[in-house]
Amino acid sequence: MVKLAAKCILAGDSTVGKTSLAQIFRSDGAHFQKNYTLTAGVDLVVKTVPVPDTSDSVELFIFDSAGKELFSEMLDKLWESPNVLCLVYDVTSEQSFSNCSRWLDKVRSQAPGIYLPGVLVGNKTDLAGRRTVDAAQARAWALSQGLECFETSVKEMENFEAPFHCLAKQFHHLYREKVEAFHALV
Ligand code: GDP
Ligand code: MG
């Protein structure tokens, strides 16, 4: 039984539902949950996620920033040494989707040369009549960027756990690979 810890950063435009997603994930389920307010406008959600088909688990430290600024010193500090990325857009906002590539650039510049597992999350699927971002279009972009892709509705409590479970699974996989590479050396 291995217990891992991973720093997860939440990226995406303001109002896409990042805080809602982190909070609903935090408040659900029987696992031990903690919520910390680090400084004004920064929340840390800590939650343990079991890795399917193993007895291992990953404790996710989800850093949620209220900062609207893509380029701010606070964000630079907060996003130091991430392990996994949760990139969120709003399916009713074309702009929030197109900005994802800017957020991704920003995150990757933070951890140059490091493989960062990540998910792309299209939120607010309940607003079906106002949808402007096609699921297939999002999927194609996510694929091109090596991100797993999900759609959620935090409002309807739909599919909100899947992105985090996927991140835990990806992080765990990376860990297994490292262990095997290490064993191959000795
Ligand atoms: P953040 O700025 O990315 O952290 O976004 P928030 O979590 O603060 O959410 C912004 C607004 O979107 C709030 O009014 C939420 O209630 C609303 N919201 C979040 N998720 C959903 C959703 O799935 N559907 C709808 N209709 N509204 C949502
Ligand atoms: Mg927020």
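Definitions and limits used
- Residues numbered from 1 in each chain as written.
- Chains lettered and ligands numbered in written order.
- Predicted model: local features only at pLDDT ≥ 70, side-chain atom pairs only at ≥ 80, totals over all residues.
- Heavy atoms only, no water.
- Patch = residues over 30% accessible without salt bridge, like charges linked within 9 Å, V, L, I, M, F, W, Y side chains within 5 Å.
- Areas by Shrake-Rupley, 256 points an atom, 1.4 Å probe, with all protein chains shown as cover.
- Salt bridge = Lys/Arg side-chain N within 4 Å of Asp/Glu carboxyl O.
- Helix = DSSP H or I, 4+ residues; strand = E, 2+ residues; numbered from the N terminus.
- Near = heavy atom within 4 Å.
- Polar contact = N/O pair within 3.5 Å; in protein donor to acceptor, adjacent residues only side chain to side chain.
- Buried < 20%, exposed > 50% of the residue type's maximum accessible area, 1.4 Å probe, protein only.

Chemist: Teacher, can you tell me more about a nonpolar patch on the surface here?
Modeler: On the surface, a nonpolar cluster with roughly 400 Å² of combined accessible area is contributed by F182, L185 and V186. Locating V186 in the fold gives a position in the segment after α6 (162-185).

Chemist: Before we go on, may I ask you to explain the site of ligand 1 in this structure?
Modeler: Residues in close proximity to ligand 1 total 15 residues, the closest being T15, K18, T19, S20 and D126. Within the contact set of ligand 1, an oxygen atom lies 3.3 Å away from a backbone nitrogen or oxygen of V16. In this structure, G17 approaches ligand 1 through a main-chain N or O atom, which is 3.0 Å from an oxygen atom. With three residues, helix α1 (residues 18-27) is the single largest residue contributor to the shell around ligand 1.

Chemist: Sorry if this is basic, but what is going on with the pattern of salt bridges here?
Modeler: Between side chains of opposite charge, a pair can form as their charged atoms come close. One pass over the structure, following the stated rule, counts four salt bridges. The partner of K106 in a salt bridge is D76, and the shortest N-O contact between them spans 2.4 Å. With K106 in helix α4 (residues 100-110) and D76 in helix α2 (residues 73-78), this pair connects stretches of sequence that are 30 residues apart. Residue classification places K106 among the buried residues on the basis of a relative accessible area of 7%. The salt bridge partner of K77 is E80, with a shortest N-O separation of 3.6 Å. Assessed through its relative accessible area of 40%, E80 is described here as partly exposed.

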